[in-house]
Amino acid sequence: MESCRICASANLEVKEVPMTGAVVTFSEVVVGSSGYPLKPPYTLALIKLDEGGHLIGVLRGGGEKGADWVGKRVKVIFEAVASGEKVIQPAPWPRVFAQMLSD
Amino acid sequence: MRPLASIITAGCAKYGRRDGLYARELLAEALDEAFENCPRLSRADIDAFYLGQAFEAFEHQANTAPSSAGGYGFRRIPAIRLDSVSSSGASALRQAVLGIRSGEYDVVIAAGVEKMTHVPTSVALDVISMASDRPFEQWNGVTLAAINAMMARMYLRDYKATEEHLAMIAVKNHRNGFYNPKAHLRRIVTVAEVLASKAVATPLKLLDCSPISDGASCVVLCRPELAARYTDCPVDIVASAEATDLNFVFREQLLGFEATRVAAAMAYAQAEASADKVDLFEVHDAFTINELLAYEDLGMCAKGSASRLLENSETSVGGRIPVNPSGGLKSKGHPVGSSGTGQAYEIFLQLTGRVEPERAVKGAHTALSHSMGGAGESVQVHVYRKRG
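In every chain, residue numbers begin from 1 and rise along the written sequence. Throughout, the order in which chains and ligands are written sets their labels, letters from A for the former and numbers from 1 for the latter. Restriction of local features to residues with pLDDT of at least 70 applies here, the model being predicted, together with a cutoff of 80 or more for giving and counting side-chain atom pairs; totals for whole chains, interfaces and linings are based on all residues. Each side-chain value is derived from all of the structure's non-hydrogen atoms; neither hydrogens nor water enter the calculation.

**Concerning the interface of chain A and chain B**
Logical step 1: Two residues qualify as a contact provided that any one of their heavy atoms is within 4.5 Å of a heavy atom in the partner residue. Taken together, the 34 residues of chain A in the interface contact 31 residues of chain B.
Logical step 2: Joining two parts hides part of their accessible area as seen by a 1.4 Å probe, and the buried area is that hidden amount summed over both. With both chains or domains summed, chain A and chain B bury close to 2800 Å², and 64% of this area falls on carbon and sulfur atoms.
Logical step 3: The largest per-residue losses of area from chain A upon contact with chain B belong to A:Ile6, A:Val31 and A:Ile56, which jointly make up 20% of the total buried on that side.
Logical step 4: The term salt bridge refers to a pairing of a side-chain nitrogen on Lys or Arg with a carboxyl oxygen on Asp or Glu at a separation within 4 Å. Summed over the shared surface of chain A and chain B, the number is one salt bridge.
Logical step 5: Salt-bridge contacts for B:Arg157 lead to A:Asp68; the nearest nitrogen and oxygen are separated by 3.0 Å.
Logical step 6: Elements with a contribution of two residues or more to the side of chain A that touches chain B: β1 (20-29), β2 (42-49), β3 (54-60) and β5 (95-100) of chain A.
Logical step 7: For the purposes of this entry, the term helix denotes a DSSP run of H or I that reaches at least four residues, the term strand denotes a run of E that reaches at least two, and both are numbered from the N terminus. Looking at which element gives the most residues to the side of chain A that touches chain B, the answer is β1(A), with six residues.
Logical step 8: When residue character is reported, Ala, Val, Leu, Ile, Met, Phe, Trp, Tyr, Cys and Pro are called nonpolar, Asp, Glu, Lys and Arg charged, and the others, Gly included, polar. Its residues assigned to classes, the side of chain A that touches chain B shows 22 nonpolar, nine polar and three charged.

**Let's talk about the packing of helix α3 (residues 88-101) of chain B against helix α13 (residues 339-351) of chain B**
Residue and element names in this part refer to chain B.
Logical step 1: Where α3 contacts α13, the two axes come as close as 4 Å, and the packing angle between them is 65 degrees. Accordingly, the angle class assigned to the pair α3 and α13 is roughly perpendicular. Where α3 approaches α13, its residues Gly-89, Ala-90 and Leu-93 are matched on the opposing element by Gly-340, Thr-341 and Ala-344.
Logical step 2: Across the contact of α3 with α13, the residue classes tally to three nonpolar, three polar and no charged. Axes here refer to lines fitted to C-alpha atoms; in helices the fit is confined to the stretch in contact. Angles between the N-to-C directions go from 0 to 180 degrees. Orientation is classified from the angle alone, with under 35 degrees giving roughly parallel, over 145 giving roughly antiparallel, 65 to 115 giving roughly perpendicular, and any other angle giving oblique.

**Regarding the packing of aromatic side chains**
Given two aromatic rings, their pairing is described by the distance between the two centres and the angle made by the two planes.
Residues and elements named next belong to chain B.
Logical step 1: Pairing of aromatic side chains here covers Phe, Tyr and the six-membered ring of Trp, requires ring centres within 6.5 Å, and sorts the geometry by plane angle: under 30 degrees stacked, over 60 edge-to-face, intermediate tilted. Applying the stated criterion across every chain, the model contains 10 aromatic pairs over all chains.
Logical step 2: Seen from their ring centres, Tyr-72 and Phe-74 are 5.5 Å apart, and the 50 degrees between their planes marks the pair as tilted.
Logical step 3: By relative accessible area, which is 6% here, Tyr-72 ends up buried.
Logical step 4: Aromatic ring contacts, followed pair by pair, group Phe-35, Phe-49, Tyr-72 and Phe-74 into a single cluster. Relative accessibility under 20% of the residue-type maximum defines a buried residue, over 50% an exposed one, and the middle range a partly exposed one, all with a 1.4 Å probe and only protein chains included.

**Some thoughts on unusual backbone geometry**
Logical step 1: Residue A:Pro40 is joined to A:Pro41 through a cis peptide bond whose omega torsion reads 5 degrees.
Logical step 2: For A:Pro41, the position within the fold is in the loop between β1 and β2.
Logical step 3: Following B:Thr202, the chain continues to B:Pro203 via a peptide bond in cis, the omega torsion being 5 degrees.
Logical step 4: Examined against the element boundaries, B:Pro203 turns out to sit in the loop between β5 (199-201) and β6 (204-205).
Logical step 5: Notably, A:Met19 is not glycine yet its phi reads approximately 60 degrees, a positive angle.

**A short note on the packing of helix α5 (residues 144-158) of chain B against helix α10 (residues 288-297) of chain B**
For any two helices packed against each other, one specifies the inter-axial angle together with the distance between the axes.
All names here are of chain B.
Logical step 1: Across the interface, α5 lies against α10 with an axial gap of 10 Å and an inter-helix angle of 55 degrees. Put simply, α5 runs oblique to α10. Of the two elements, α5 crosses α10, and the hand of that crossing is left-handed. For the pair formed by α5 and α10, the contact residues are Asn-148, Met-151, Ala-152 and Tyr-155 on the first element and Ile-289, Asn-290, Leu-292, Leu-293 and Glu-296 on the second.
Logical step 2: Its residues assigned to classes, the contact of α5 with α10 comprises six nonpolar, two polar and one charged. Handedness of a crossing follows from how the near helix is turned relative to the far one, being left-handed for an anticlockwise turn of less than a right angle and right-handed for a clockwise one.

**Section: the confidence of the model for chain B**
Logical step 1: A score between 0 and 100, pLDDT records how confident the predictor is in each residue. Mean pLDDT over chain B works out to 97, with 100% of the residues at or above the 70 mark.
Logical step 2: Reported for the predicted complex are a pTM of 0.97 and an ipTM of 0.95.

So, in structure tokens, the structure goes:
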């Protein structure tokens, strides 16, 4: 097996994981960029996956504004880009979302 | 200790909204100041031109170094553009230092520029978001403000600091920038105003963020032994260090900037100095949280205790260790590619006693600049000493 192309770790194994984790930190994005299709405000969360590693994605199912999401359990969802969205990328790439799991 | 290179002159275009001008015209404004202030220097003396400029998208223009150099009369010399986003200018400075150090060149220019304000803010933010990883960060709704906001939330949660402390950084830097004629936002603000400003990415508010600015700056460097030929008061660069890191989302350690810690350690070793031997700092403060973290990563205080420096006004002009007497990126402005060379310009003025008295660091002899690209993916640290 080759090394990881992102962190160069030789400890690399391809396996299916449940893609659950917890919110480490988050931010409600009020001023967004024109390049992201979702209009602000949206809540961006940094997720620590149970199997290790981090992902960033928009939180879904959060609800109330001003709540503290740190430590909340989420499931990571990958979504294909909507057809018709013009993008520059060498290969199709899904978007990451973090779905809140009920306590 | 033998200096690595010497700054003989410097220039800076007024930062702000500079309607109707192209990047190359802003650059020419900065270069004009440098040459006017150094009559013994001629354009024919310049051996190489290093340009920090982050984004091609703003003017739909790549290949900017040769045209910028040639357009100012530096013909047929090596001219190259460096990109490390927000620290592109500092990358240009470091490569210029290395060019001198290698023995290849006698006199070189390190310049930086960005023209940004002519596009709508949401478009500017999309361009700036190119600093982040495309598939894993930008693609998922990340803005630079959001990354720094997430870091700020972690810091405020883990340590004894509040949003008021972040606001105090904005207040301090706006106060300094108010007295800087080159600054973009020359406006005094209060903690209450910062806290009441509109949310950008919680917990960061508009007045926690540096503005989108147009601007350019440059320094002219030469071999240390040639400096007396051009000026009676050169400033020596005694350390030049650089380190990089993985993109934010891939890091094990999310809080603080390892690249700053590594680059600072190298710079202090080269300069045979430590943080307490530095009289003034110009640090990356694109967002207030960056300056707070820089206090710790640069060794100015212990981890988790940065807020105390603010409570005691230690980093204000007149305090024990003034930080960002220029106003920083926060108030002086953040024309991305120019911010690194802009710090060197400020330090050159400070160490040669040419700044407005309200923001002058009296008796300063040693200074440090800390420039950061993206969310800490690239960091350059330089240490400067007044000669004599």
